[in-house]
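Chain and residue survey
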Amino acid sequence: MSRARVARRIATAAAYGGGGIGLLGGAAVGLLLTEGALARRAVGGSDAVPPRADGVYGAAFALSTDERPIVLALVGDSTAAGQGVHRASQTPGALLASGVAAVAERPVRLVNVANPGAQSDDLARQVDLLLGSGPGTAPGLCVIMIGANDVTRRMPLAVSVRLLSDAVRRLIEAGCEVIVGTCPDLGTIEPVYQPLRWIARRLSRQLAAAQTIAVVGLGGRTVSLGDLLGPEFESRPREMFGPDNYHPSAEGYATAAMAMLPTLCSAVGLWPEEDERPDARRGEGFLPVAQAAAEAAGEAGTEVTPAAGTVSGPRGRWALLKRRRRRRLPDATEPAATAAAEAAQN
């Protein structure tokens, strides 16, 4: 069965309240549990609290604008929280806030409610924290990074997708632009052996594709984070993984943030218009959402966004697939990013 078809089945089961799709037999599950116990012993524990990066970034821009700061929220698990690094400036939230401030030339206020170890069933609580002050208090931008713990702790994929959908729906209804960094490829964690590595890769990519179908159907955008634990991490694990061999290092988080930054900027109308047009030479274009989701799951830095002005057809909804990571950042953002980082107040 194709990855697109499996992802469509998972997303459909999520939409209609299904508990999950049985992808593994009993013997495979037993093997998965045995290999998982070995992997957990091999992976170093990380009980350190992630550094708090909440605050205003690009504060220097407040001197030249009367506009209120853009509010950026991060929701999700240890990856969103920045587990594995020691400085607030190295967390994905700080990197993204500095980048958006640089492009917008406007302050950005970061609010991070992510919880290390979280599964998708914690998203409702985290969204409550963001929206708890009542109408009009929702962040303008919200990045969700979730899914890895759902795979490793065997949450049914359809349940995982349904819980994510509920969170995305609430945020969009509150007026927030939502970008989901889909489940990373777990098949390259160094201490994980075969066949667990193959199973982890298969399940994480299936979940990533199903997340995309659900999120795009609600009006959100997704960015594939396969490379977060993917080919670059596999080839350079000492640089891209942190001390526990599981969470990314500072360089790893920077790689993920650079993959997501163009999508955040595009969501709030900050990206150059000429760079928004799909480029067929890079394999970009309009595809049925399930096909776009399946392709994105296999290549990090790939964005899938709702196709404006299109309707559902025989193959379902259509979406725009953009391979953002193959594009260069506008030259003007580099000095601005440096200024924003220097002006950050954590």
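Not measured: the values here are computed from a predicted model.

1. Focus on the pairing of strand 9 (residues 318-323)
With five of six residues buried, strand 9 is to be regarded as a mostly interior element. Bridging between strand 7 (residues 285-288) and strand 9 involves four bridges; their strand directions are antiparallel. Opposite P288, over in strand 9, you have W318 as the bridge partner.

2. Some points on the packing of helix 5 (residues 123-131) against helix 7 (residues 157-173)
The relative placement of two packed helices is expressed as an angle between their axes plus a distance between the axes. Packing of helix 5 against helix 7 brings their axes to within 9 Å, and their N-to-C directions diverge by 10°. The orientation of helix 5 with respect to helix 7, classified from their angle, is roughly parallel. On the side of helix 5, the interface is formed by L123, A124, V127, D128, L130 and L131, while helix 7 contributes L163, L164, A167, R170 and L171. Of the residues that constitute the contact of helix 5 with helix 7, the class distribution is nine nonpolar, no polar and two charged.

3. Some points on the pairing of strand 2 (residues 70-76)
Of all seven residues that make up strand 2, seven are buried, and the element is covered over most of its length. The alternating pattern of strand 2 places I70, L72, L74 and G76 and V71, A73 and V75 on opposite faces, both of which are buried. Sheet topology places strand 2 next to strand 3 (residues 108-112); five bridges connect them, and they run parallel. Pairing of I70 across the sheet is with V108, part of strand 3. As paired elements, strand 2 and strand 4 (residues 141-145) share five bridges and run parallel to each other. From the neighbouring strand, L72 faces strand 4, where its bridge partner is L141.

4. Here's the deal with the packing of helix 4 (residues 92-104) against helix 11 (residues 250-267)
Where helix 4 meets helix 11, the closest approach of the two axes is 9 Å, and the angle between their N-to-C directions is 40°. With respect to their mutual orientation, helix 4 and helix 11 come out oblique. Crossing hand, helix 4 versus helix 11: right-handed. Mapping the contact onto sequence places P92, L95, L96, G99, V100 and V103 in helix 4 and Y253, A254, A257, M260, L261, L264 and C265 in helix 11. The residue inventory of the contact of helix 4 with helix 11, partitioned by class, reads twelve nonpolar, one polar and no charged.

5. Here's the deal with the confidence of the model for the protein
When pLDDT drops low, the exact placement of atoms in the prediction is not to be read closely. When pLDDT is averaged along the protein, the result is 78; 67% of the residues meet or exceed 70. Predicted confidence in the protein is weakest over helix 13 (residues 333-343), with a mean pLDDT of 44, and strongest over strand 4, with 97. When the criterion is pLDDT under 50, residues 20-27 qualifies, and its contacts beyond four places in sequence or with other chains add up to twelve contacts. Predicted confidence is poor over residues 36-45, with pLDDT under 50, and the contacts of this stretch with residues over four places away or in other chains come to eleven contacts.

6. Here we look at the pattern of salt bridges
Going through the model one piece at a time under the given rule, you end up with twelve salt bridges. Between K322 and E276 there is a salt bridge, and its shortest N-O distance comes to 3.6 Å. Within this pair, whereas K322 is found in strand 9, its partner E276 is found in the loop between helix 11 and strand 7, the two being separated by 46 residues in sequence. Close ionic contact of E295 with R323 constitutes a salt bridge, the shortest N to O distance being 3.0 Å. Of this pair, E295 sits in helix 12 (residues 289-297) while R323 sits in strand 9, and the two are 28 residues apart along the sequence. Residue classification places E295 among the partly exposed residues on the basis of a relative accessible area of 30%. Shared partners join several salt bridges into a network, and the residues in it are D279, R281 and R282.

7. What to know about the sheet that holds strand 3
Pairing in this open sheet of nine strands is mixed, and the strands run 1-3-2-4-5-6-8-9-7 from one edge to the other. Lying at the two open borders of the sheet, with one neighbouring strand each, are strand 1 (55-57) and strand 7. Looking at each pair of strands side by side, their axes are set apart by 25° on average, direction ignored. Across the face of the sheet, helix 5 comes into contact with strand 2, strand 3 and strand 4 while running at roughly 160° to strand 2.

8. A word on the nonpolar core
Most often, soluble globular proteins keep nonpolar side chains buried together rather than apart. Ranked by size, the top nonpolar core spans 31 residues in total, and within it L72, L96, V143, M260 and L264 carry the most contacts. Broken down by element, the residue count for this core peaks at seven residues, all from helix 11. Residues within four places of V143 in sequence aside, it is in contact with L72, A73, L74, V75, L96, I179, M260 and L264. Within the second largest apolar cluster, 26 residues are counted, among which are A148, I199, L203 and V216.

Analysis parameters
Residues numbered from 1 in each chain as written. Predicted model: local features only at pLDDT ≥ 70, side-chain atom pairs only at ≥ 80, totals over all residues. Heavy atoms only, no water. Buried < 20%, exposed > 50% of the residue type's maximum accessible area, 1.4 Å probe, protein only. Helix = DSSP H or I, 4+ residues; strand = E, 2+ residues; numbered from the N terminus. Pairing = 2+ DSSP bridges. Axes fitted to C-alpha atoms, helices over the stretch in contact; angles between N-to-C directions. Parallel < 35°, antiparallel > 145°, perpendicular 65-115°, else oblique. Contact = heavy atoms within 4.5 Å. Nonpolar A, V, L, I, M, F, W, Y, C, P; charged D, E, K, R; others polar. Left-handed = near helix turned anticlockwise from the far one by under 90°. pLDDT = per-residue confidence, 0-100. Salt bridge = Lys/Arg side-chain N within 4 Å of Asp/Glu carboxyl O. Core = buried A, V, L, I, M, F, W, Y, C linked by side-chain atoms within 4.5 Å.

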